[in-house]
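# Structure assessment
In case you want the letters, here they are:
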Amino acid sequence: MAVARLALTSFADGEVRLSDEVEVYQRTYNTLLRSSGETQLRVLEPSHRATGSSLHSLAASAELDLGAFLYAVRRLPDGIVGARLVVMGQDVEALRANGIPVDSWVEAEAPARRRRWYDSGEGTLAVLMASASDVDDLVPTLVAFQIEWNKIRVRMRAAGWPDSDGEIPPDECARELGGSVDDWTRLVDAWGENFSPRMRLIGKQRLALRVRMLGGSHTGYARLTRTWWAPVSAELAIEGLTERPLYFVSSNTHSLVNIVTGIARERESELIGFVEQMDKRDPLRLELGAFRDGQTEGSWENFMYFVARLYFTARGEQGYGERRAAEMERGVTHLRSRTALRVPAQVIPLSRLSAEAMDPRVGEVDASVLAESDAVIVNIDYPLGVAAYNILREVAVDRTALRGVYVLGKAATLNADVGDVMISSVVHDEHSGTTYWLDNAFSVDDIAPDLRFGTGLDNQRAVTVKSTFLQNRSYLDFYYREAFTVVEMEAGPYCDAVYEIADADRYPVGEAVNFSKLPLDLGIIHYASDTPYTQARTLGAMGLSYYGLDSTYASSLAILRRILRLEGALADGVADDPRRRE
């Protein structure tokens with residue numbers, strides 16, 4: 001690899017002008033959390049407001065920012081309502097050693113963030129942190145939640161509302177407190193039948209959270225990553241795959257599996273019957289009719305994958321068991337994580353896959369070549385931030401035959417639209433300050449044939465940020481002026497790990513790195529999940545629907561085709577193998 005020092009001061013009129021407020025905020029909570037005692041969260045509110053976060057643009061205003069509140073609600077467990085203390089730690093042992101009996105507490109979940117939470121039921125929550133990025137993500141989320149909670153409380157008390165018991169409708173909330181009816185309706189959807197009781201609790205109780213950090217060392221994060229990888233390594237050994245060529249994929253737990261197993265297509269008649277039982281006004285029922293009438297641009301395969309998820313989920317534990325058993329029979333082994341690193345993994349030996357069962361969009365697969373392949377795919381659910389570096393580094397330490405690394409993740413886009421696919425040739429990592437110039441394995445031509453609703457954009461520039469809240473308008477403008485239009489959280493740490501795979505040194509700090517000559521295949525794809533310039537206040541309500549699968553599956557198909565081409569199992573030829581490059 002060619003490594004050259006990058007003068008970062010050339011980015012903007014001879015001076016880097018990233019937000020000092022963001023740096024001060026991050027430094028403030030990191031130093032406070034070093035204390036062995038508890039910290040009042042309110043001491044972080046001035047720093048939080050001063051950042052002018054694009055995700056919490058009204059933090060310093062008396063006006064409600066329900067978009068930020070919804071974003072926080074979806075990333076925190078239900079027990080945060082009325083809580084008093086949040087304890088953060090790297091593992092259960094550390095919590096126990098400090099007198100926190102999480103074994104007897106109830107495990108809790110947050111809808112939109114994979115963390116392991118424990119609820120005492122008495123106002124104390126404990127949460128396991130998988131990397132320093134979890135701290136950067138969770139602390140501002142808690143602060144935003146508290147700020148907006150207390151702003152709602154002030155307005156409720158000033159209005160003397162509600163003045164009666166009973167259900168509180170969203171339109172009344174908008175009229176009495178401000179905010180849009182749509183945002184209040186989304187909060188009703190998030191809290192369900194608890195919405196009215198929780199609104200009354202907000203009116204009565206000022207939120208005054210305290211936080212405490214136990215541990216948080218780099219060695220601790222490395223140790224828990226090794227514990228996370230151990231079952232995957234053991235499964236590879238059990239299946240006789242220890243020294244086999246390995247393709248590492250960081251994506252999700254559904255798209256690659258659906259493409260290679262064919263389970264949805266096998267149950268097509270059952271899935272159609274499931275949709276036909278829905279209400280005639282249900283969007284899926286209407287979409288089924290549109291397919292029959294030839295009036296939709298959607299993909300039938302993607303439609304079946306989306307329905308299959310609902311079908312198996314509706315059948316509860318039995319449906320979950322049936323699906324996992326069918327997938328295992330077709331060559332996919334699922335491994336759940338029991339550590340703070342809540343990243344499920346899948347082991348997929350290529351020789352156990354059926355060419356006939358694969359999604360027909362993959363192309364003409366040579367069954368005999370596939371059966372003779374000695375390669376294995378390890379697919380993981382995408383991690384958060386620097387956990388990506390820890391994971392790939394651990395994989396590379398344990399496995400010498402790493403043939404390819406492919407990253408599929410979501411990102412904010414500054415120049416495209418939700419559902420578009422971005423392929424970057426440059427990645428700047430804020431953690432290391434290093435900029436990586438990529439020979440990306442993918443281009444628009446690899447995804448365009450399977451994109452029905454979105455647009456593919458290659459030759460983009462991505463910036464890996466430290467947190468969704470640690471960005472403001474001037475910060476985004478700074479990067480946009482330098483043509484960085486993809487804002488995400490994992491690509492940079494993955495590139496840091498790839499550097500250490502290919503070079504004798506540790507990843508550099510504040511340099512430019514040319515990745516044009518690597519000993520492995522590297523591909524990075526992002527799909528746009530939000531547009532912070534125009535939709536920052538609606539992020540809390542965003543989620544992938546059936547239409548949202550379009551970009552995910554187009555990208556996953558491109559990844560699988562790339563792997564099959566490298567193995568010589570696709571009839572349209574063999575891809576350029578980086579191992580044969582001079």
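Residues numbered from 1 in each chain as written. Predicted model: local features only at pLDDT ≥ 70, side-chain atom pairs only at ≥ 80, totals over all residues. Heavy atoms only, no water.

## Focus: the overall build of the chain
Helix and strand counts for the chain stand at 22 helices and 18 strands. Its C-alpha atoms give the chain a radius of gyration of 24 Å, near enough to 25 Å, the size a compact globule of 582 residues would have. Overall, the C-alpha framework of the chain stretches about 75 × 60 × 50 Å when taken along its three principal axes. Of all 582 residues assigned to the chain, the portion counted as buried reaches 57%. Approximately 23600 Å² of the chain is accessible, and the part contributed by carbon and sulfur atoms is 47%. (Helix = DSSP H or I, 4+ residues; strand = E, 2+ residues; numbered from the N terminus. Rg over C-alpha atoms; globule rule 2.2 N^0.38 Å. Buried < 20%, exposed > 50% of the residue type's maximum accessible area, 1.4 Å probe, protein only. Areas by Shrake-Rupley, 256 points an atom, 1.4 Å probe, with all protein chains shown as cover.)

## Focus: the sheet that holds strand β5 (residues 113-119)
Spatially, 6 strands are ordered β2-β7-β3-β6-β5-β4 in an open sheet, and the strand pairing comes out mixed. Of all strands in the sheet, those bounded by a partner on one side alone are β2 (39-40) and β4 (106-110). (Pairing = 2+ DSSP bridges.)

## Remarks on the pattern of salt bridges
For the structure shown, the criterion picks out 31 salt bridges. Arg 186 is the salt-bridge partner of Asp 183, the closest N and O atoms lying 2.9 Å from each other. Note that Asp 183 and Arg 186 are positioned in helix α7 (residues 181-191) at a spacing of 3 residues, about one turn of the helix. We classify Arg 186 as partly exposed; its relative accessible area is 30%. Across the pair Arg 352 and Glu 239 runs a salt bridge, and its minimum N-O distance is 3.6 Å. Residue Arg 352 is located in the loop between β10 (345-349) and α16 (367-372), and its partner Glu 239 is located in the loop between α9 (218-238) and β8 (246-251); the two are separated by 113 residues in the primary sequence. (Salt bridge = Lys/Arg side-chain N within 4 Å of Asp/Glu carboxyl O.)

## Things to note about the nonpolar core
By size, the foremost hydrophobic cluster in this structure holds 110 residues, and its most contacted members are Trp 184 and Met 199. At 10 residues, the largest contribution of residues to this core is made by helix α5 (residues 132-159). Excluding its chain neighbours within four sequence positions, the residues that come into contact with Met 199 are Ile 152, Met 156, Trp 161, Ile 168, Cys 173, Leu 177, Trp 184 and Trp 191. Membership of the second largest hydrophobic core comes to 58 residues, among which are Ile 259, Met 304, Val 307 and Leu 353. (Core = buried A, V, L, I, M, F, W, Y, C linked by side-chain atoms within 4.5 Å. Contact = heavy atoms within 4.5 Å.)

## With respect to helix α6 (residues 170-177)
Inspection of α6 places Cys 173, Ala 174 and Leu 177 among the buried residues, and these make up the whole buried set. Relative to the axis of α6, the buried residues are bounded by an arc of 100° and lie together on one face. In this structure, the buried residues of α6 make contact with α5, α7 and α8 (195-204). After α6 finishes, the residue Gly 178 shows a positive phi value of roughly 95°. (Arc of directions from axis to C-beta.)

## A look at the side chain of Gln 346
Relative to the helices and strands, Gln 346 is located in strand β10. A polar atom in the side chain of Gln 346 sits 3.4 Å from the side chain of His 334. Polar contacts involving the side chain of Gln 346 include one to the side chain of Asn 379, which spans 2.6 Å. Apart from residues lying up to four places away in sequence, Gln 346 is in contact with Asn 252, Thr 253, Val 257, Val 332, Thr 333, His 334, Ile 377, Val 378 and Asn 379. (Polar contact = N/O pair within 3.5 Å; in protein donor to acceptor, adjacent residues only side chain to side chain.)

## Description of the packing of aromatic side chains
Applying the stated rule across the entire model yields 22 aromatic pairs. Taking the centre distance of 5.2 Å and the plane angle of 15° together, the rings of Phe 69 and Phe 145 count as stacked. With Phe 69 in helix α3 (residues 66-74) and Phe 145 in helix α5, this pair connects stretches of sequence that are 76 residues apart. Comparing Phe 69 with Phe 145 shows no difference in burial state: the two are buried. (Phe/Tyr/Trp six-rings, centres within 6.5 Å; stacked < 30°, edge-to-face > 60°.)

## What to know about unusual backbone geometry
With an omega of 0°, the peptide bond between Trp 161 and Pro 162 qualifies as cis. Inspection of the secondary structure puts Pro 162 in the loop between α5 and α6. Even without being a glycine, Asn 459 presents a positive backbone phi close to 55°. Turning to its location among the elements, Asn 459 is positioned in strand β15 (residues 456-464). We classify Asn 459 as exposed; its relative accessible area is 61%. One non-glycine residue, Ala 483, adopts positive backbone phi at about 70°. Mapped onto the elements of the fold, Ala 483 is located in the loop between α19 (473-481) and β16 (486-488). Of the residues examined, Ala 483 reaches a relative accessible area of 40% and is grouped as partly exposed.

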